[in-house]
Amino acid sequence: GLELGETGERLREEVERVAVQASLTLLTAARAQACLETAGVISLALKGLAFQAPDPAHLVPRHFADVDLLVRAAALPAAGAALRGAGFTADALLPDYGGAALDGGAVSPALHRTANFQGPARTLLELHTTLPTCQGPDATFEALVSRSVLVEHPDGRLRLPCREDALGML
């Protein structure tokens, strides 16, 4: 029975915008992972998607700004080439470190991701090569992949870290 008037209408519009963005982000992640898999590159979805994608009911209200995928450092050149071949473009808003970040060349030792790519509807995608907060023998890429889970969505399939690993990435 609470009447919010114009404020309520703006809130409803924002909820709809967030739902559309969540769908686009999920679609971008599924397309990117499928394209990488076709190229022989295994990836894991990180951050928000790792927490929310196992339960699709939570995807609509959650705002996703971008897609974060973890790949082996050695696979970065192949991953970048596969994404570009599938229509993803380099995002001009962030530096690509003279091309080094996108082609897998050495850049700053602290850098653990590429410059952004843009997917459908300009959804941003980052390829990460390390997780600075995860350490120890159980946090290697191979160990994370061995415990990963596949989640099916109407827009595609996602490979995610298991819940314990996702929590460990916090």
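For the structure, see preceding data.
For clarity, every value in this text was computed on a predicted model and none was experimentally measured.

Draft legend 1. Looking closely at the nonpolar core. Among the nonpolar cores identified, the biggest contains 24 residues, and Leu36, Leu69, Leu83, Leu125 and Leu127 are the most heavily contacted of them. Elements with a contribution of two residues or more to this core: helix 1 (5-38), strand 2 (66-70), helix 3 (76-85), strand 5 (124-128) and strand 7 (156-160). Ignoring any residue separated from it by four or fewer positions in sequence, one finds Leu69 in contact with Ala32, Gln33, Leu36, Ser43, Leu44, Ala45, Leu46, Leu125, Glu126, Leu127 and His128.

Draft legend 2. Geometry of the side chain of Thr28. Positionally, Thr28 belongs in helix 1. Judged by its relative accessible area of 0%, Thr28 is buried. Within the local environment of Thr28, its side chain forms a polar contact with the backbone oxygen of Leu24, the two atoms lying 2.8 Å apart. The residues contacting Thr28, other than those within four sequence positions of it, are Val67, Phe88, Gly119, Pro120, Thr123 and Leu125.

Draft legend 3. Inspection of the pattern of salt bridges at higher detail. Applying the stated rule across the entire model yields 5 salt bridges. Here Arg10 and Glu6 are joined by a salt bridge, their closest N and O atoms 2.9 Å apart. Remark: Glu6 and Arg10 occur in helix 1; sequence separation between them is 4 residues, near one turn of the helix. Note on Arg10: relative accessible area 46%, which makes it partly exposed. A salt bridge links Glu9 to Arg12; its shortest N-O distance comes to 3.5 Å. Of the two residues, Glu9 and Arg12 are both situated in helix 1; the distance of 3 residues between them amounts to about one turn of the helix. Overall, Glu9 belongs to the partly exposed group, its relative accessible area being 37%.

The rules we used
Residues numbered from 1 in each chain as written. Predicted model: local features only at pLDDT ≥ 70, side-chain atom pairs only at ≥ 80, totals over all residues. Heavy atoms only, no water. Core = buried A, V, L, I, M, F, W, Y, C linked by side-chain atoms within 4.5 Å. Buried < 20%, exposed > 50% of the residue type's maximum accessible area, 1.4 Å probe, protein only. Helix = DSSP H or I, 4+ residues; strand = E, 2+ residues; numbered from the N terminus. Contact = heavy atoms within 4.5 Å. Polar contact = N/O pair within 3.5 Å; in protein donor to acceptor, adjacent residues only side chain to side chain. Salt bridge = Lys/Arg side-chain N within 4 Å of Asp/Glu carboxyl O.

On their own, these measurements won't tell you what the molecule is for.
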